[in-house]
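Report on the structure
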Amino acid sequence: MGVRREETRTLNEKSNLVLIGFMGTGKSSVGRSLARKLDMQLVDTDQEVESATGLTVPEIFRRYGEVRFRSEESLIVKKISRYENCVIATGGGVVLNEENLTELKRNGCLVCLRSRPEIIKSRVQRKPRPLLARDNSLENIQRMLQERERFYEKAELVVETSDDPLEKVVDEIADWFALRRSRQVRVDTDGGAYDIFIGQSLLSSLGTLMVERVKGKRCLLVSNPRVSELYAERVRSSLEKSGFKVTDGLVPDGEEYKSLKSAEQLYDAAVEAGLDRDSAVVALGGGVIGDLAGFIAATYLRGISLVQVPTTLLAQVDSSVGGKVAVNHPQGKNLIGAFHQPRLVVCDTDVLNTLDPREMRSGMAEVIKYGVIWDSGLFEHLERVLQAEPGMSPTDLIPIITRCCEIKADIVGRDEREHGVRTLLNLGHTLGHALEGETGYQVFRHGEAVAVGMAAAGRLAVSTGRWSEPEQDRLLKLLEAAGLPIRTEGIPSGGLMAWMERDKKAQGGRVRWVLPLSVGRAEVVPSLPDELVEPVIREFVR
Ligand code: NAD
Ligand code: GLY
């Protein structure tokens, strides 16, 4: 997809989770529960050896001895190390062979389970273990543990399983694995540097990630009833586990609530909760919640920490990153705002499973925008995948969301305050914002209005000789393949011109247009004559 990696630190894309550890530490039962929880397949090396040989492990030991068992085991390890998306529960002695470890680490993260010798002794009595058949004394277990210690140390995570209930052990490993597998994009601006985490099942790691980045222990969790009902409990429990005191700040759902009135209510909640300079605002929701919560964080006590937990595709690829925070004024969108960079952005792609397909399509408009203005490889990738199948699963979207975040990080890193290149991110927004405003934010989702705006910007670029007909054709086809509108009807174009005029006043007397030059390149055009703009608007808004 032409992904540039300079801005990205991909911690790990290994897909298997490998459990190692002494017998009786719980590898099989933890493995079973983990596989269920993570929706992965469970592979147990002992069971694989048994089905490959048609003999039980004790039978192999009895008939052929340990050497034969180890060689069968190594063959199995070699085979299963190539599997994808599996929880692999290994036999206690797998680690004794260096080559086994190398194989397993190729596509797997090693987690060691550890228990006290007395606990192991009581557990192994329940099932015959060939290696302890002659001597299952505590001393023998201690001796073997000591011998194997240096192999078990090769794990990335060690989890004690003596006392905690199974569920707690499984949660700890699952949260660690989600973070370990996530992708990270670093954003570096004058207003602050921070990481974006992108991946599955990340909500439960929010507390852990915030502890490292937020000094205080109080936070205001801003959300709306719909998102809150789905995800606030998980977020709250993660924050509380990490010692945060959480106060809810609920705002009704809808663009019309991205207002000073909602802000006032949230200030009240912040004061009542005793939020201080070290506290944080956590935005759990789409772009509306992110912009509003960000505005509170930017202004309360002259600015406190902001953590973005975007729950729409649009917010994950665009609005949660880059620090633009705002509320609307009756006369125009985002007229009251600030630049306030978050401390952390956590994009859990699982939450996209509950998003309305229309909202997914709306987010896709911003994704296409990145392709047009910045990355022809992304544009071509979208042409391939969207034309084949419009709906993508949230997991398939991970590399695309990551790429969009990389592009946004690159752009805001160069121009945080929109004095230059950042303006390109407004492709389609000149007409888009006017369409949203003219229809009272009731007709279009943000991305839909931007899609019509991009189609019109493309036409203006063609008529000014910047962009070719075939390129305009590709753009329109891609927008349509994503299920987005490219024109609209029933909205008087006179009203739209008035919205753009007001925008003009807000921007020093000129309406800035962002026009594409070729796929992956665009430029800002400070103003265009009305004679050129009006017929184009009439073509796309009838
Ligand atoms: P939104 O925040 O209104 O969310 C869309 C709908 O989806 C809402 O009804 C919401 O309750 C629901 N929802 C959110 N997450 C959900 C989930 N996981 N499951 C089920 N339902 C869920 O709309 P949006 O498109 O995310 O954001 C649009 C806003 O973002 C606009 O106000 C726009 O101006 C702003 N924006 C800001 C920037 C920026 O840089 N700050 C960039 C682009 C857009
Ligand atoms: N979404 C436009 C920007 O962040 O600049």
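Residues numbered from 1 in each chain as written. Chains lettered and ligands numbered in written order. Predicted model: local features only at pLDDT ≥ 70, side-chain atom pairs only at ≥ 80, totals over all residues. Heavy atoms only, no water.

Moving on, we get to the overall build of the chain. Helix and strand content of the chain: 20 helices and 17 strands. A total of 542 residues make up the chain; the buried ones form 57% of that total. Nonlocal contacts in the chain, meaning residues at least 24 apart in sequence, comprise 77% of its contacts between residues at least 6 apart. If you sum the accessible surface of the chain, you get close to 23000 Å²; carbon and sulfur atoms cover 48% of it. Seen as two clouds, the 73 positive and the 78 negative side-chain charges of the chain have centres 3 Å apart. (Helix = DSSP H or I, 4+ residues; strand = E, 2+ residues; numbered from the N terminus. Buried < 20%, exposed > 50% of the residue type's maximum accessible area, 1.4 Å probe, protein only. Contact = heavy atoms within 4.5 Å. Areas by Shrake-Rupley, 256 points an atom, 1.4 Å probe, with all protein chains shown as cover. Lys, Arg positive; Asp, Glu negative; His and termini not counted. Charge placed at Lys NZ, Arg CZ, Asp CG, Glu CD.)

Each pocket or cavity is described by its volume, and for the second largest pocket that value is around 750 Å³. Forming the walls of the second largest pocket are 31 residues, and the residues nearest its centre are Met23, Ser28, Asp46, Lys127 and Arg129. Residue assignment for the lining of the second largest pocket shows that the elements contributing at least two residues are helix H1 (27-38), helix H2 (45-53) and helix H3 (57-80). Counting residues per element, the lining of the second largest pocket draws most heavily on H3, at six residues. Within the lining of the second largest pocket, the residues separate by chemical class into nine nonpolar, ten polar and twelve charged. (1 Å grid on protein atoms, 1.4 Å probe; cavity = no way out; pocket = protein on both sides within 12 Å on 5 of 7 lines; lining within 4 Å. Points joined across faces, edges and corners; volume = space filled by probe spheres on them. Nonpolar A, V, L, I, M, F, W, Y, C, P; charged D, E, K, R; others polar.)

The next point concerns the site of ligand 1. Near ligand 1 there are 28 residues, and of these Glu255, Gly287, Thr311, Thr312 and Thr354 occur at the shortest range. Asp253 places a side-chain nitrogen or oxygen 2.8 Å from an oxygen atom of ligand 1. Here Glu255 contributes a side-chain N or O atom positioned 2.6 Å from an oxygen atom of ligand 1. Contact with the protein chains covers 94% of the free accessible surface of ligand 1, which is 860 Å². Secondary structure elements with two or more residues in the shell around ligand 1: helix H9 (225-241), helix H11 (287-299), helix H12 (313-319), strand S14 (332-339) and helix H13 (357-373). The dominant element in the shell around ligand 1, judged by the number of residues it contributes, is H9, at four residues. Across the shell around ligand 1, the residue classes break down as seven nonpolar, nine polar and twelve charged. (Near = heavy atom within 4 Å. Polar contact = N/O pair within 3.5 Å; in protein donor to acceptor, adjacent residues only side chain to side chain.)

Below, the discussion takes up the packing of H3 against helix H4 (residues 98-106). Contact geometry of H3 with H4 gives a least axis separation of 8 Å together with a crossing angle of 15°. Viewed along their axes, H3 and H4 adopt a mutual orientation that is roughly parallel. In the packing of H3 onto H4, the handedness of the crossing is left-handed. Taken together, the residues of H4 that come into contact with H3 (itself represented by Ser74, Val77 and Lys78) are Glu99, Asn100, Glu103 and Leu104. (Axes fitted to C-alpha atoms, helices over the stretch in contact; angles between N-to-C directions. Parallel < 35°, antiparallel > 145°, perpendicular 65-115°, else oblique. Left-handed = near helix turned anticlockwise from the far one by under 90°.)

Moving on, we get to empty space enclosed by the protein. One pass over the structure, following the stated rule, counts three cavities of 30 Å³ or more. Counted as a void, the second largest cavity has a volume near 40 Å³. For the second largest cavity, the full set of lining residues is Gly285, Gly286, Gly287, Gly290, Asp291, Gln308, Pro310, Ala315, Ser319 and Ser320. Taken together, the elements giving at least two residues each to the lining of the second largest cavity come down to H11, strand S12 (305-310) and H12. Tallying contributions element by element places H11 first for the lining of the second largest cavity, with three residues. For the lining of the second largest cavity, a count of residues per class yields two nonpolar, seven polar and one charged.

Taking strand neighbours across the sheet as the criterion, the five strands line up as S3-S4-S2-S5-S6 in an open arrangement whose pairing is parallel. Looking at strand neighbours, the two that pair on one side only are strand S3 (41-44) and strand S6 (157-160), the edges of this open sheet. Ignoring strand direction, the axes of neighbouring strands in this sheet form an average angle of 25°. Across four bridges, strand S5 (residues 108-114) lies against S6 in parallel orientation. Its bridge partner lying in S6, Val111 is registered against Leu157. Contacts from H2 reach S3 and strand S4 (86-89) within the one sheet, and its direction differs from that of S3 by about 70°. Packed on one face of the sheet, H4 meets strand S2 (16-21), S4 and S5 and runs near 120° to S5. (Pairing = 2+ DSSP bridges.)

Looking at ligand 2, the residues that line it are Asp318, Lys324, Lys408, Glu418, Arg422, Leu425 and Asn426. A distance of 2.6 Å is found between an oxygen atom of ligand 2 and a side-chain nitrogen or oxygen belonging to Lys408. Here ligand 2, which alone exposes 200 Å², has 88% of that area covered by the protein. Considered class by class, the residues forming the shell around ligand 2 number one nonpolar, one polar and five charged.

Here we come to the environment of Lys78. Tracing the backbone shows Lys78 in helix H3. Its relative accessible area of 42% is what places Lys78 among the partly exposed residues. Along the backbone, Lys78 and Leu166 are 88 residues apart, and their C-alpha atoms lie at a distance of 29 Å. Apart from residues no more than four positions distant in its own chain, Lys78 is found in contact with Glu99 and Glu103.

To continue, consider the pattern of salt bridges. Two side chains carrying opposite charge are able to pair once their charged atoms lie near each other. Across all of its chains, the model carries 38 salt bridges by this definition. A salt bridge links Lys154 to Glu98; its shortest N-O distance comes to 3.4 Å. Of the two residues, Lys154 is situated in the loop between helix H6 (138-152) and S6 and Glu98 in helix H4; the sequence distance between them amounts to 56 residues. Assessed through its relative accessible area of 31%, Lys154 is described here as partly exposed. According to the relative accessible area criterion, Glu98 is partly exposed, its value standing at 43%. Put simply, Glu359 and Arg445 hold a salt bridge, and the shortest N to O gap is 2.7 Å. Here the residue Glu359 occupies a position in helix H13, and Arg445 occupies one in the loop between helix H16 (429-438) and helix H17 (446-463), the gap between them amounting to 86 residues. (Salt bridge = Lys/Arg side-chain N within 4 Å of Asp/Glu carboxyl O.)

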